[in-house]
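Read off the chains here:
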Amino acid sequence: MKKTTLPILALSLFTGLFFSCTKKSAAEKAFKPRLATDTKCQINIAGNYKNFEALEAEFDRFNEFYPDVELSFSFLDSYNSTIKSALAGESAPDIYMTFQWMLDRPEYKELFASAQDMSDEKALGFNLSTIRSELIEHTADGRTPMVPVLSGSYGMMVNEDIFKKEGLKIPESYTELVDCCNKLKAAGYKSPIMVYADNFMGLPLIYSYFCKSLENKAEAVAMLNQLNPAAGEYLRPTLEWAKNFMEEGLIDLDQCRTLKDKYNKVIMAFFEGNIPIMLCDTDIVSGTLKREAQSQAFVNNPFKYSFRIFPATDQNSYFVNNVSVGFSVNKNSKNLDMADEFMRFLVRTEELNNLAKIKRLITVSKDYSFDEVFAPLSKSTPIYLGELGLIDSAIAQMRTAVQQVLIGNMTVEQAVDNYGSFK
């Protein structure tokens, strides 16, 4: 029953992505229950999504094997702080969302102390080989306290109909991007590239560019992670790129500031149909399908759109493929065996792909094809933060430094000098 309670960089291309989202991997056997199928219990999963229809679809599929297990998803407001008290309460969730960036922060240590170690695949019956190993995080002592179930990236949503209307090829290199956007400006598009102008702004532009610049530079990554002020020098190429990019005049910040939030308003503005490029992450893309029918402009004049990597260079394109959602199992769960059983069911290729297809995010499985909206990613190379070794505090410093240069609050030199001290 279902109840809703409201580092070495990976260099291999994403090739061979020809598997249907519902086709089972040839090496994967059909799911067989390990517990009594008439077991009656409740399993609650807590997270920061206000609704999670894709997960609820998995509840229905799991109930085909265990019809008397009542599964529910609970949204926790201010999740990053409330999940701690929820785990300590009488009605603690059996499974809960966790994220890569939490692993680097001491304030979330207790979250992972409550998490079951899922590295013992034989005992738990898991087959984590279905998941790309680059997305699986391990603690220093070898534990696996979370399993990725959805992944994402940063880039741009493109209104393909605008490019077709203006007789332009969708850019795949930086030179093409600048040329296209200048032609779009001449055609009357005041800001060919739009973005919600907060400190998130830089990530779709430079995240992959910055991470690629750290390839084979373990010392640089270590200094950045230590927030060593001298590590600001490793940001210089990225900051110089950001400065030069803004001088091209392809983004009008005043126009961008009309976007009042970085999710719903961004999507609805894009659906008005007059924005060629919207910088965003895949979490924003995940909200598009539901909102197509909510936008009268889109209903009246639908258009084809896709998510692509922002081409910051003229070389091969790279994209940061990060864990969007991970699940941890509460080791103190009253129904631990069934919580493990649900996770064993979920981490199968078929279920991971089904989850990603409905949620419109990128699957974490090895055998998959991209959703039509994400199809252009198949031409690009993934960069995995786990292999690179860059931690969240360093990424936050980089993000703020880039933002300050993008909006003109700091020179490149000032941003370099302030690395490690940004709040």
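Draft legend 1. Structural view of unusual backbone geometry. For Asn 216, which is not glycine, the phi dihedral falls at a positive 60°. By the element assignment, Asn 216 lies in the loop between helix H7 (202-213) and helix H8 (218-225). When its relative accessible area of 62% is taken as the criterion, Asn 216 is described as exposed.

Draft legend 2. Representation of the packing of aromatic side chains within the structure. Scanning the model with the defined rule gives 28 aromatic pairs in all. Plain terms: the ring middles of Trp 241 and Phe 245 are 5.1 Å apart, the flat faces sit at 5° to each other, and that makes the pair stacked. Here Phe 245 and Trp 241 lie together in helix H9 (residues 236-247), a separation of four residues that amounts to about one turn. Here the two residues Trp 241 and Phe 245 agree in accessibility, since each one is buried.

Draft legend 3. Here's a closer look at the packing of helix H1 (residues 53-63) against helix H15 (residues 336-346). Put simply, H1 and H15 touch, their axes get as near as 11 Å, and they point 105° apart. It follows from the interaxial angle that H1 and H15 lie roughly perpendicular. Only Met 338, Glu 341, Phe 342, Phe 345 and Leu 346 of H15 make contact with H1, whose side of the interface consists of Leu 55, Glu 58, Phe 59, Arg 61 and Phe 62. A per-class count over the contact of H1 with H15 returns seven nonpolar, no polar and three charged.

Draft legend 4. Expanded view of the side chain of Asp 252. Here Asp 252 shows up in the loop between H9 and helix H10 (253-256). A relative accessible area of 19% means that Asp 252 is categorised as buried. In this structure the side chain of Asp 252 is engaged in a polar contact, spanning 3.0 Å, whose partner is the backbone nitrogen of Gln 255. Residues contacting Asp 252, with those up to four places away along its chain left out, are Lys 190 and Ser 191.

Draft legend 5. Quick look at the side chain of Ser 365. Assignment of secondary structure puts Ser 365 in the loop between helix H16 (349-359) and strand E12 (381-383). Residue classification places Ser 365 among the buried residues on the basis of a relative accessible area of 0%. Reaching out from Ser 365, the side chain makes a polar contact with the side chain of Asn 353 at a distance of 2.7 Å. Residues in contact with Ser 365, not counting those within four places in the same chain, are Thr 130, Ile 131, Arg 132, Thr 349, Leu 352 and Asn 353.

Conventions we followed
Residues numbered from 1 in each chain as written. Predicted model: local features only at pLDDT ≥ 70, side-chain atom pairs only at ≥ 80, totals over all residues. Heavy atoms only, no water. Helix = DSSP H or I, 4+ residues; strand = E, 2+ residues; numbered from the N terminus. Buried < 20%, exposed > 50% of the residue type's maximum accessible area, 1.4 Å probe, protein only. Phe/Tyr/Trp six-rings, centres within 6.5 Å; stacked < 30°, edge-to-face > 60°. Axes fitted to C-alpha atoms, helices over the stretch in contact; angles between N-to-C directions. Parallel < 35°, antiparallel > 145°, perpendicular 65-115°, else oblique. Contact = heavy atoms within 4.5 Å. Nonpolar A, V, L, I, M, F, W, Y, C, P; charged D, E, K, R; others polar. Polar contact = N/O pair within 3.5 Å; in protein donor to acceptor, adjacent residues only side chain to side chain.

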